[in-house]
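Architecture at a glance
Below, each chain spelled out in residue letters.
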Amino acid sequence: QVQLVESGGGSVQAGGSLRLSCEASGRTFSIYYIGWFRQAPGKEREFVALIDRSGGSTDYADSVKSRFTISRDNAKNTVYLQMNSLKAEDTAVYYCAAKKPYRTWPGGMYESWGQGTQVTVSS
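Read on for a plain summary of the structure. Residue positions are given per chain, counted from 1 along the sequence in the order it is written. This being a predicted model, a pLDDT of at least 70 is required before a residue's local features are given, and a value of 80 or more before pairs of side-chain atoms are given or counted; all residues contribute to the totals for chains, interfaces and linings. Side-chain metrics in this entry use all non-hydrogen atoms of the structure; hydrogen atoms and water are not considered.

Regarding the pairing of strand 9 (residues 92–99)
Type-normalised accessible area, obtained with a 1.4 Å probe on protein chains alone, sets the label of each residue: buried when under 20%, exposed when over 50%, and partly exposed for intermediate values. Helix and strand assignments follow DSSP, with helices taken as H or I runs no shorter than four residues and strands as E runs no shorter than two, numbered in order from the N terminus. Extensive coverage of strand 9 is indicated by the burial of seven of its eight residues. Should DSSP find at least two bridges between two strands, the strands are taken to pair. With seven bridges joining them, strand 4 (residues 33–39) and strand 9 adopt antiparallel strand pairing. Bridging from a neighbouring strand, Ile 34 pairs with Ala 98 of strand 9. One ladder, built from three bridges, connects strand 9 with strand 10 (residues 110–113); its direction is antiparallel. Along strand 10, the bridge assignment pairs Ala 98 with Ser 112.

Structure (C-alpha cells):
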C-alpha cells in the first residue's frame, strides 16, 4: 500500500479556484491509478476524477467536467486537482485514493486513502 496526504483545501467564493495536491510516499507511486473523491455533509462519497499511471488517460464526473483538471507529476509523487469556476455544490471533503490497475482502464480496486482536505465554496 501507498500512503497518501491531501492538501490545498480552503474557503473560496463561488467562481474562484483552488488546486488540491495528493502526495504519496514510496518509490512505486507511478504504478498506481489515482482518483479524487468528495463527500458533502449528509451525502455519500462520490467519484470526482481519475488519472492513469502516466497521466495519458483521465476520467471525470459529469458534474465537474470542463471545470476540474486532474494531472500528475510522478517525479514529485504528486497528483493535482485543479478546480476552477467553483460552485457552492462543490463544497465537500476531498479525498485522494490509489489503486493498482486491473485488466483494462479504469479497472482496479482502491487500496489506499488519504485523510481528506476541506473545500468550502460560498455563494
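From this point, the discussion proceeds with the structure in view.
Some points on the environment of Ile 51
With respect to the element layout, Ile 51 can be found in strand 5 (residues 46–51). For Ile 51 and Ala 14, which are 37 residues apart along the polypeptide, the C-alpha to C-alpha distance reads 26 Å. Contact partners of Ile 51, with chain neighbours within four places excluded, come to Tyr 33, Ile 34, Ser 57, Thr 58, Ile 70, Ser 71, Arg 72, Val 79 and Trp 105. Contacts are assigned to residue pairs with any non-hydrogen atoms lying within 4.5 Å of each other.

Regarding the sheet that holds strand 1 (residues 4–7)
Ordered by their spatial adjacency, four strands build an open sheet running 1-3-8-7, and the pairing between neighbours is antiparallel. Among the strands making up the open sheet, the edge pair consists of strand 1 and strand 7 (68–73). With strand direction ignored, the average angle separating the axes of adjacent strands in the sheet is 15°. As defined by bridge partners, strand 1 adjoins strand 3 (residues 18–24) across four bridges and the pair is classed as antiparallel. Note on geometry: axes are C-alpha line fits, over the in-contact stretch for helices, and angles between N-to-C directions span 0 to 180 degrees.

A short note on the nonpolar core
By nonpolar core we mean a set of buried residues, namely Ala, Val, Leu, Ile, Met, Phe, Trp, Tyr and Cys, connected to one another through side-chain atoms within 4.5 Å. Residues Ile 34, Trp 36, Leu 81, Met 83 and Tyr 94 are the most contacted members of the largest nonpolar core, which totals 29 residues. Only strand 3, strand 4, strand 5, strand 7, strand 8 (78–83), strand 9 and strand 11 (117–122) provide two or more residues apiece to this core.

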